[in-house]
Amino acid sequence: TIEISEQAVTDYYNTQSAIFMEPAKVKLDYIELSLESLKQKIEVSEDKIVARYEQMRDQLTQPEVRSASHILLTVADDADDDKVKQKIIELKNRINQGEDFSTLARDFSQDPGSAEDGGNLGDIEPGFMVKPFEKALFDLAVDQVSDPVKTQFGWHLIKLHSVSGGGTRSLDQARDEIEQELKIDLAESQIYDMTESLASIGYEQSSSLLPAAQQLDLKVQTTDWFTRTSGEGLAAQEKIRQIAFSDQVLNQQLNSEIIELSDNRVVIVHLNKHKPAEQRPLDTVRESIITTLKKKKGRELAEQEGKKVLSSLQSGSDTLDALSEKLSIPLVDIGFVKRNSVSVDKGLLNAAFRLAKPVADKMVFDGLSLNNGDYTIIELSKVRV
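Conventions and cut-offs
- Residues numbered from 1 in each chain as written.
- Predicted model: local features only at pLDDT ≥ 70, side-chain atom pairs only at ≥ 80, totals over all residues.
- Heavy atoms only, no water.
- Pairing = 2+ DSSP bridges.
- Helix = DSSP H or I, 4+ residues; strand = E, 2+ residues; numbered from the N terminus.
- Core = buried A, V, L, I, M, F, W, Y, C linked by side-chain atoms within 4.5 Å.
- Buried < 20%, exposed > 50% of the residue type's maximum accessible area, 1.4 Å probe, protein only.
- Contact = heavy atoms within 4.5 Å.
- Polar contact = N/O pair within 3.5 Å; in protein donor to acceptor, adjacent residues only side chain to side chain.
- Axes fitted to C-alpha atoms, helices over the stretch in contact; angles between N-to-C directions.
- Parallel < 35°, antiparallel > 145°, perpendicular 65-115°, else oblique.
- Nonpolar A, V, L, I, M, F, W, Y, C, P; charged D, E, K, R; others polar.

1. Considerations on the pairing of strand 9 (residues 265-275)
Then, in step 1: Note that strand 2 (residues 25-34) and strand 9 share ten bridges and pair antiparallel. Looking at strand 9, one finds that Tyr30 is bridged to Val269.
Then, in step 2: Sheet analysis places strand 8 (residues 259-261) next to strand 9, joined by three bridges and oriented antiparallel. Note that in strand 9 the partner of Leu261 across the bridge is Arg265.
Then, in step 3: Between strand 8 and strand 9, which pair antiparallel in sequence order, lie three residues; one of them, Asp263, sits at a positive phi of approximately 60 degrees.

Dropping the structure here:
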């Protein structure tokens, strides 16, 4: 219902001019060197790929992995080794006659780590087991059970379940990986040399980026407008924004020094354009001013009307129920609340607990403006301690 005059809008615009300042903005020209961009330009010869393949052959060979189970019979210090050996031979004979290896392992194996799982040891690579065990295992064919094997742990029967790995990747299989590694190696050496050259040319011919771009066959790129506090793309990085508004770049209009970024990137920047801070035109902020003034005026009117209501309640000429009905404003019955209640506005709650306690069942009233501009009437009817 509030109307705001054009004069009020103009007065607010003039008195609060600092609010409507458009911050200074700049555009930058820049040259970027990155490991990734250099890598894309590099061609690697077949000879170099083959030579690196030969160097990497050991790395490209996968160890043979064998999945196996075993039955272990331990030999105590005072035990007869021949008796234990005889028992493991008997178990081997039972397996040869068709009994299940895993069942016998669960019943007889004395390896606490594998017995309950039928003697399963999982995948085993070379060097993982003691020598006698490993030799016997890697001599077996799939599904074959070894003869009794003696180690420092006792007597074993070993069963091989499967074999995987053990091959060397071919040149064709490893070509892409090798080529990328070679490109990275070459790009890393190039980026160092080119960064040194870029820094040198940028310093010696500091009024422009074009000499460096031409000599190093690089492209000069340009950012969008950005401010001291925010930007996109390259200007999303605070380091870039700080340098852009530095005396060297903004005022002297010289090339920056080399700026190191993440992901193996470096840039050098130069001022392209500068927009000084300026006040935004009234037409562009008129609606926001009207909204602000309406809220301000609305808060004042709500407080004026609220205080009239509060006065009639405190004088006893009206009740809260009657006023609620007459003004068509809902009455909210909160009931009893504690100081730490989270269901009630904090400001309202604090105001309620500052009120004097009702005497002889006579209501106590107060009013306050809330943060959103509403004016609230409080009726305190009872206090429990």
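2. Things to note about the nonpolar core
Then, in step 1: Residues Ile31, Leu33, Ile178 and Leu198 are the most contacted members of the largest nonpolar core, which totals 25 residues.
Then, in step 2: Elements with a contribution of two residues or more to this core: strand 2, helix 2 (35-41), helix 3 (46-55), helix 7 (171-204), helix 8 (210-216) and strand 9.
Then, in step 3: Contact partners of Leu33, with chain neighbours within four places excluded, come to Leu38, Ile191, Met194, Thr195, Leu198, Leu218, Asn264, Arg265 and Val266.
Then, in step 4: Of all hydrophobic cores here, the second largest spans 17 residues; its members include Tyr30, Ala235, Leu250 and Ile259.

3. Quick notes on the side chain of Ser324
Then, in step 1: Topologically, Ser324 is positioned in helix 12 (residues 320-327).
Then, in step 2: Ser324 sits in the buried class, given a relative accessible area of 15%.
Then, in step 3: Separated by 2.5 Å, the side chain of Ser324 and the backbone oxygen of Ile329 make a polar contact.
Then, in step 4: At a separation of 3.4 Å, a polar atom in the side chain of Ser324 contacts the main-chain amide nitrogen of Leu331.

4. Description of the packing of helix 3 against helix 7
Then, in step 1: Two elements in contact, helix 3 and helix 7, have axes whose closest approach is 9 Å; the angle formed by their N-to-C orientations is 105 degrees. As judged from the angle between their axes, helix 3 and helix 7 are roughly perpendicular. Contact with helix 3, carried on its side by Glu46, Lys48, Ile49, Val50, Arg52 and Tyr53, involves Leu171, Ala174, Arg175, Ile178, Glu179, Glu181, Leu182 and Asp185 of helix 7 and no other residues of that element.
Then, in step 2: Looking at side-chain class alone, the contact of helix 3 with helix 7 contains seven nonpolar, no polar and seven charged residues.

5. With respect to the environment of Leu186
Then, in step 1: Positionally, Leu186 belongs in helix 7.
Then, in step 2: The exposure class of Leu186 is partly exposed, given its relative accessible area of 29%.
Then, in step 3: It is 7.8 Å that separates the C-alpha atoms of Leu186 and Ile42, two residues lying 144 residues apart in sequence.

6. Points about the sheet that holds strand 5 (residues 149-151)
The strands making up a sheet associate through hydrogen bonds between their backbones, and the pairing can be parallel or antiparallel.
Then, in step 1: The sheet built from four strands is open, its strands ordered 4-3-6-5 with antiparallel pairing. The open sheet has two free edges, formed respectively by strand 4 (120-124) and strand 5, since each of these has just one partner strand. Neighbouring strand axes in the sheet, compared pairwise and without regard to direction, differ in orientation by 40 degrees on average.
Then, in step 2: Here three bridges tie strand 5 to strand 6 (residues 154-164), and the two strands are oriented antiparallel to one another. Counterpart to Lys150 in the pairing with strand 6 is Trp155.
Then, in step 3: Sitting on the sheet, helix 4 (residues 81-96) touches strand 3 (65-73), strand 5 and strand 6, and the angle it makes with strand 6 is about 35 degrees.
Then, in step 4: Against the sheet, helix 5 (residues 101-108) touches strand 3 and strand 6, its axis set at about 45 degrees to strand 3.

7. A short note on the sheet that holds strand 2
Then, in step 1: Read across the sheet, four strands follow the order 7-2-9-8 without closing on themselves; strand pairing throughout is antiparallel. In the strand order of this sheet, the two ends are held by strand 7 (220-222) and strand 8, each with one partner. Here the strands of the sheet are splayed against their neighbours by 40 degrees on average, with no regard to which way each runs.
Then, in step 2: Across the sheet, helix 7 lies against strand 2 and strand 9, angled at about 140 degrees from strand 2, the strand it touches most.

8. Brief notes about the side chain of Lys92
Then, in step 1: Relative to the elements of secondary structure, Lys92 occurs in helix 4.
Then, in step 2: Here the side chain of Lys92 touches Asp147 through a polar contact of 3.0 Å, side chain to side chain.
Then, in step 3: Sequence-distant contacts of Lys92, defined by excluding residues within four places in its chain, comprise Val145, Ser146, Asp147 and Leu157.

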